[in-house]
Amino acid sequence: MNLYGLLIVLHLLGASVWVGGHLVLACSVLPKALRTRDADAVRRYEEGYERVGIPALIVQVFTGIWLSYMKLPDPSMWFDFSNPVGRLIGIKLILLAATIGLALDARLRIIPKLKNDNLVSLAWHIVPVTLVAVLFLVVGASFRIGWLY
Ligand code: HEM
């Protein structure tokens, strides 16, 4: 297997874990926790998920930056929105900043104070992080299918 193939396989593996894990959280664990007002259900899921979710995000950043170098070797073009490849890489980096911001805010501010009656504040984090995860995937696929070119 060549290096490019290996990077794509790792990137797709990380994408499966990151997007899939957040869809399960947003569409299954969270609605049930809101119905039963059970903050612990979310905390238990997050604790288990973090063990694979955080390494998956690290793999995404590492392989994503490497793939970006392969597609557009000059990083000063990564936010050049007039260039189709630079546009997609730039959008991905903006999505990454949004993900890190939302995750840090949840981890440092919301989760430590999480109680059964303020689960809605966490929902306001989980839903946007999940939407951003799906956007990551759509923008990633756009390199191949040309949607945002
Ligand atoms: C959780 C975050 C991410 C997800 C879910 C994700 C998902 C994807 C997917 C599904 C593809 C399509 C791969 C293919 O066509 O076979 C892709 C491609 C790509 N992603 Fe990501 N990605 C993420 C983060 C990043 C980051 C942080 C970067 C860095 C800028 C990045 C850069 C790229 C590049 C350059 C490609 C094109 C690869 C190619 O076709 O040569 N990704 N991504």
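Residues numbered from 1 in each chain as written. Predicted model: local features only at pLDDT ≥ 70, side-chain atom pairs only at ≥ 80, totals over all residues. Heavy atoms only, no water.

On to the overall build of the chain. The number of helices and strands found in the chain is four helices and zero strands. Counting only C-alpha atoms, the chain reaches 50 × 35 × 25 Å along its principal axes. Classification of the 149 residues of the chain by burial places 37% in the buried group. Of the contacts formed within the chain by residues at least 6 apart in sequence, a portion of 65% connects residues at least 24 apart. Just so you have it, the chain exposes about 8,700 Å², and 70% of that area is on carbon and sulfur atoms. One finds the centroid of the 14 positive side-chain charges in the chain at a distance of 4 Å from the centroid of its 9 negative side-chain charges. (Helix = DSSP H or I, 4+ residues; strand = E, 2+ residues; numbered from the N terminus. Buried < 20%, exposed > 50% of the residue type's maximum accessible area, 1.4 Å probe, protein only. Contact = heavy atoms within 4.5 Å. Areas by Shrake-Rupley, 256 points an atom, 1.4 Å probe, with all protein chains shown as cover. Lys, Arg positive; Asp, Glu negative; His and termini not counted. Charge placed at Lys NZ, Arg CZ, Asp CG, Glu CD.)

Here the iron atom of the ligand is held by His11 (NE2) and Lys92 (NZ), and the distances to it run 1.8 to 2.1 Å. Seen from the iron atom of the ligand, its six donor atoms lie at angles of 81 to 179°, and the figure they make is octahedral. Residue histidine 11 is located in helix α1 (residues 3–36), and its partner lysine 92 is located in helix α3 (residues 84–110); the two are separated by 81 residues in the primary sequence. Of the two residues, histidine 11 and lysine 92, neither departs from the other in class, the shared state being buried. (Donors = N, O, S within 2.8 Å, 3.2 Å for Na, K, Ca; no water. Tetrahedral: all angles 85-135°; square planar, octahedral: opposite > 155°, others 65-115°.)

What follows is about α3. For an α-helix, the turn length of 3.6 residues means that residues three or four places apart are oriented alike. Relative to the 39 Å expected for 27 residues at 1.5 Å per residue, α3 spans 37 Å between its end C-alpha atoms, a close match to the ideal helical length. All of the buried residues in α3 are Val85, Gly86, Leu88, Ile89, Gly90, Lys92, Leu95, Leu96, Thr99, Ala106 and Ile110. Each element contacted by the buried residues of α3 is listed here: α1, α2 (39–71) and α4 (119–145). (Expected span 1.5 Å × (residues − 1).)

Before going further, it helps to examine the site of the ligand. Tyr4, His11, Lys71, Lys92 and Arg144 are the nearest of the 21 residues found near the ligand. A distance of 3.1 Å separates an oxygen atom of the ligand from a polar atom in the side chain of lysine 71. Listing elements by their share of the shell around the ligand, those giving two or more residues are α1, α2, α3 and α4. In terms of residue count, α1 provides more of the shell around the ligand than any other element does, seven residues in total. Partitioning the shell around the ligand into residue classes produces 13 nonpolar, five polar and three charged. (Near = heavy atom within 4 Å. Polar contact = N/O pair within 3.5 Å; in protein donor to acceptor, adjacent residues only side chain to side chain. Nonpolar A, V, L, I, M, F, W, Y, C, P; charged D, E, K, R; others polar.)

Turning to the UniProt feature "transmembrane region" (unreviewed entry) in the chain, a few remarks are in order. Mapped onto this numbering, the UniProt entry gives "transmembrane region" (unreviewed entry) at residues 6–31, 52–69, 89–110 and 122–147. Across residues 89–110, helical content stands at 100% and strand content at 0%; the span's end C-alpha atoms are separated by 30 Å. (UniProt positions renumbered as here; feature names shortened; annotations may be inferred.)

Of all bends in α2, the biggest is about 50°, found at glutamate 50. With a side-chain oxygen positioned 3.2 Å from the backbone nitrogen of aspartate 40, the residue opening α2 is aspartate 38. (Bend = angle between axes of the 7 residues up to and from the residue.)

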